[in-house]
Amino acid sequence: MPRILIVDDEDNILKSLRRLLAMTPCTAGGKVYPLIVDTCADPLQALENAFGTPYDLVLSDFRMPGMDGVAFLKEFRELQPNAARLILSGYADLNGLIAAINEAGILRFIAKPWNDYELVTTIAQALALQELQNETQKIADEARLRQGRLSPEDFERQRLEALEPGITRVHWGPDGSVMLDPDALNKD
């Protein structure tokens, strides 16, 4: 089942979207996508969650205190580049929208207040597109592996990273040791 993450600083929006997605089936191309929906009101906490939980799609509010949706989605993209990214906003900020497309690689901008049918259809279409892109990438990687253009180690690293985001990232200490907490370097 696809797992999606919704990030918005307004609790009533999170509850509304969770309820909508629980009641309305996401379908695209004749396929029904039953969803696991995680919500988070804090973008920094959402990034922490994304470090260990793989998501197929993330839907973020544009304007949030502490970190806007574009900055959040850029960082999320670094952690999980294969997840579809959508942005939700009640503000028509053309520069922000352009930044979201160019910098965070969003697939679609959804306006608040949203149309329920449009929102659910957009999520289903984004999941279908992401599934197709991930399958294409997997086939291409398998071909590169057979041709010797991709090492078995890199192939396995990519596979593991897709299953457990962040698992292949190693932070080295100044003495060559592995740092379990990379922020420990900054505490001295």
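The structure this text deals with has already been given above.
Right, let's walk through the structure included here.

A word on the pattern of salt bridges. Oppositely charged side chains may form a pair once their charged atoms are brought near each other. For the structure on display, the rule yields 10 salt bridges. For Glu156, the salt bridge goes to Arg159, with nearest N and O atoms at 2.5 Å. Residue Glu156 and its partner Arg159 are located together in helix α6 (residues 152-163), separated by three residues, close to a single helical turn. Bridged by salt links that share partners, the residues Asp8, Glu10, Asp61 and Lys112 form one connected network.

What follows deals with the sheet that holds strand β6 (residues 84-89). The strand order across the open sheet formed by five strands is β4-β1-β5-β6-β7, and the pairing between neighbours is parallel. Here the strands that pair on one side only, and so sit at the sheet edges, are β4 (36-40) and β7 (108-111). This sheet shows a mean twist of 20° between the axes of neighbouring strands, independent of strand direction. With five bridges joining them, strand β1 (residues 3-7) and β4 adopt parallel strand pairing. Paired with Val7 across the strands is Cys40, a residue of β4. Strand contacts of helix α1 (residues 11-23): β1, β4, β5 (57-61) and β6, with the helix running at about 175° to β4, the strand carrying the most contacts. Contacts between helix α5 (residues 116-147) and the sheet are confined to β1, β5, β6 and β7, with β6 contributing the most and set at about 160° to the helix.

What follows is about the packing of aromatic side chains. Centre-to-centre distance and the angle between the planes together describe a pair of aromatic rings. The tally for this structure, following the rule as stated, stands at two aromatic pairs. Each ring, one from Phe72 and one from Phe76, has its centre 5.9 Å from the other, and the planes form 45°; the classification is tilted. Of this pair, Phe72 and Phe76 both sit in helix α3 (residues 69-79), four residues apart, which is roughly one turn of that helix. By the burial criterion, Phe72 is buried, and Phe76 matches it. Feature note: the residues Tyr55, Phe72 and Phe76 constitute an aromatic cluster, connected by ring pairs.

One can find Ser60 in strand β5. For Ser60, a relative accessible area of 0% translates into the label buried. Beyond its immediate stretch of four places on either side in the chain, Ser60 contacts Val7, Gly69, Phe72, Leu73, Leu86, Ile87 and Leu88.

This part takes up the pairing of β1. With respect to burial, β1 is a largely interior element, four of its five residues being buried. Taken together, the four bridges between β1 and β5 define a ladder with parallel strand orientation. Residue pairing in the sheet places Leu5 in a bridge with Val58 of β5.

With that settled, consider unusual backbone geometry. Omega for the peptide link from Lys112 to Pro113 comes to -10°, which places this bond in the cis form. By secondary structure assignment, the location of Pro113 is in the loop between β7 and α5.

On to the nonpolar core. The biggest cluster of nonpolar side chains holds 25 residues, and the ones touching the most others in it are Leu21, Leu35, Leu57, Leu59 and Ile123. Mapped by element, the contributors of at least two residues to this core are β1, α1, β2 (26-28), β5, β6 and α5. If you tally residues by element for this core, the top one is α5, at six residues. The contact partners of Leu59, leaving out residues within four places of it in the chain, are Leu5, Ile6, Val7, Leu17, Leu86, Ile87, Leu88, Ile110 and Leu119.

Let's shift gears to the environment of Glu75. One can find Glu75 in helix α3. A relative accessible area of 40% places Glu75 in the partly exposed class. Separated by 60 residues in sequence, Glu75 and Glu135 place their C-alpha atoms 24 Å apart. With sequence-adjacent residues up to four places away left out, Glu75 is seen in contact with Leu47 and Met67.

About the criteria used
- Residues numbered from 1 in each chain as written.
- Predicted model: local features only at pLDDT ≥ 70, side-chain atom pairs only at ≥ 80, totals over all residues.
- Heavy atoms only, no water.
- Salt bridge = Lys/Arg side-chain N within 4 Å of Asp/Glu carboxyl O.
- Helix = DSSP H or I, 4+ residues; strand = E, 2+ residues; numbered from the N terminus.
- Pairing = 2+ DSSP bridges.
- Axes fitted to C-alpha atoms, helices over the stretch in contact; angles between N-to-C directions.
- Contact = heavy atoms within 4.5 Å.
- Phe/Tyr/Trp six-rings, centres within 6.5 Å; stacked < 30°, edge-to-face > 60°.
- Buried < 20%, exposed > 50% of the residue type's maximum accessible area, 1.4 Å probe, protein only.
- Core = buried A, V, L, I, M, F, W, Y, C linked by side-chain atoms within 4.5 Å.

Remember that the coordinates give geometry; whether it matters functionally is a separate question.
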